[in-house]
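Tertiary structure, described
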Amino acid sequence: MDHLSVSPARLPQPRIARRTAVKAVPLNLVFFGPPGAGKGTQADLFAARHHIPKISTGDILRKAIQDGTRIGAMVRETLQSGALVGDDLVISIVAERLEQPDTAKGFVLDGFPRTIPQAAALDAILADRGGVSVIALVVHADEVIRRLGRRGREDDEAYVIKERLEVYSRETEPVLQYYRRRGVVTVLDGNRPLDEVTEAIEAALKRAKG
Ligand code: AMP
């Protein structure tokens, strides 16, 4: 009878224990596209649906200006001109935000990274957190101008729009190439109505998950 007195610790572990040990892959997303592509709106909707935070560097910087903080004072003129704020500053803002525990299951970045150094910094921050997937919204130039004209933000005046679009093609478009080389980009047609784009984003992510 000795062989029946096996202690529970030596019995095979139930499968469930192994399954719960597998961590869900975090939903780390970058929404990419020119100003007016609708990425902010889509990022808001996506974040709410998936219960993950949306992190918009533009929103953070505008809030700093509104609140009259030291950083706000530093960046006010840059935002008004349509130029980019320095890499070091935005990288430190995002690095700090990504340390918050609410980002552990994933997040949506909107408006970051906008330069190659920012993309490289994000890689370093996420080195042991699963990297990112990129949703790139492609929109015709005339549609961008139409949408920005309607939005009425302080930096949506015609000459500032022109500057922001130029900055986008010079500094930010190369970031897409950077991610494409890695095969982490899904390009979607952002000219379509909002709800169709929303559906396309969900479908693309389901495909990516397999
Ligand atoms: P957005 O709301 O994303 O269009 O950003 C508004 C403005 O904030 C931009 O035109 C830039 O002046 C500044 N900004 C936002 N995100 C970044 C970033 N990642 N790098 C540099 N400047 C940024």
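Structural notes, computed from the coordinates. (Residues numbered from 1 in each chain as written. Predicted model: local features only at pLDDT ≥ 70, side-chain atom pairs only at ≥ 80, totals over all residues.)

**Re the overall build of the protein**
- Each helix and strand in the protein was counted, giving nine helices and five strands.
- Residue burial in the protein is summarised as follows: out of 210 residues, 27% are buried. (Helix = DSSP H or I, 4+ residues; strand = E, 2+ residues; numbered from the N terminus. Buried ≥ 20, exposed ≤ 12 C-beta atoms within 10 Å, placed from the backbone.)

**Overview of the site of the ligand**
- Taken together, the neighbourhood of the ligand is formed by 17 residues, with Thr57, Gly58, Leu84, Val85 and Gly111 sitting nearest.
- It is helix H3 (residues 57-66) that provides the largest number of residues to the shell around the ligand, a total of three residues.
- Taken together, the residues of the shell around the ligand break down into eight nonpolar, six polar and three charged. (Near = placed C-beta within 6 Å. Nonpolar A, V, L, I, M, F, W, Y, C, P; charged D, E, K, R; others polar.)

**As for the pairing of strand E4 (residues 133-138)**
- Alignment of strand E1 (residues 27-32) against E4, held across four bridges, turns out to be parallel. Among the inter-strand pairings, Leu29 is bridged to a residue of E4, identified as Ser133.
- By the bridge criterion, five bridges tie E4 to strand E5 (residues 185-189) in an arrangement that is parallel. Its bridge partner lying in E5, Val138 is registered against Asp189. (Pairing = 2+ DSSP bridges.)

**What to know about the nonpolar core**
- Core analysis: the biggest nonpolar cluster contains 33 residues, and Leu29, Val30, Phe31, Val108, Leu109, Val134 and Ile135 have the highest contact counts within it.
- Setting aside chain neighbours within four positions, we find Val30 in contact with Leu109, Val132 and Val134. (Core = buried A, V, L, I, M, F, W, Y, C linked by C-beta atoms within 7 Å. Contact = placed C-beta atoms within 7 Å.)

**Brief notes about the pairing of strand E3 (residues 106-110)**
- Within E3, five of the five residues are buried, which leaves it mostly tucked inside the rest of the structure.
- Taken together, the five bridges between E1 and E3 define a ladder with parallel strand orientation. Paired with Leu27 across the two strands is Gly106, which belongs to E3.
- Note: strand E2 (residues 54-56) against E3, three bridges, orientation parallel. For Ser56, the partnering residue across the bridge sits in E3 and is Asp110.

**Re the packing of H3 against helix H4 (residues 70-81)**
- Remark: H3 packs on H4, axes separated minimally by 8 Å, with the N-to-C direction vectors making an angle of 115°. Between H3 and H4 lies a crossing whose hand is left-handed. Contacts between H3 and H4 involve Leu61, Ala64 and Ile65 on the former and, on the latter, Ile71, Gly72, Val75, Arg76 and Leu79. (Axes fitted to C-alpha atoms, helices over the stretch in contact; angles between N-to-C directions. Left-handed = near helix turned anticlockwise from the far one by under 90°.)

**What to know about unusual backbone geometry**
- Backbone torsion omega between Phe112 and Pro113 reads 0°, so that peptide bond is classified as cis.
- Mapped onto the elements, Pro113 comes out in the loop between E3 and helix H6 (116-125).
- Residues other than glycine seldom take positive phi values, yet His51 does so here, at roughly 55°.
- Inspection of the secondary structure puts His51 in the loop between helix H2 (39-50) and E2.

**Focus: the sheet that holds E3**
- An order of E2-E3-E1-E4-E5 is seen for the five strands of this open sheet, with the pairing classed as parallel. Only two strands of the sheet have a single neighbouring strand rather than two, namely E2 and E5. Across the sheet, the axes of successive neighbouring strands diverge by a mean angle of 20°, strand direction being ignored.
- Across the sheet, helix H9 (residues 194-209) touches E4 and E5, and the angle it forms with E5 is around 155°.

**Comments concerning H6**
- Of all the positions in H6, only Gln118, Ala119, Ala121 and Leu122 are classed as buried. Down the axis of H6, the sector holding all buried residues measures 160°, keeping them to one side. (Arc of directions from axis to C-beta.)

**Quick notes on the packing of helix H5 (residues 87-97) against H6**
- Where H5 contacts H6, the axes come no closer than 10 Å and their chain directions differ by 25°. In terms of axis orientation, H5 runs roughly parallel to H6. Every pair of crossing elements has a handedness; the one defined by H5 and H6 is right-handed. On H6, the residues touching Asp87, Val90, Ile91 and Ala95 of H5 are Pro117, Gln118, Ala121 and Ile125.
- A per-class count over the contact of H5 with H6 returns six nonpolar, one polar and one charged. (Parallel < 35°, antiparallel > 145°, perpendicular 65-115°, else oblique.)

So yeah, pure geometry; function would need other evidence.
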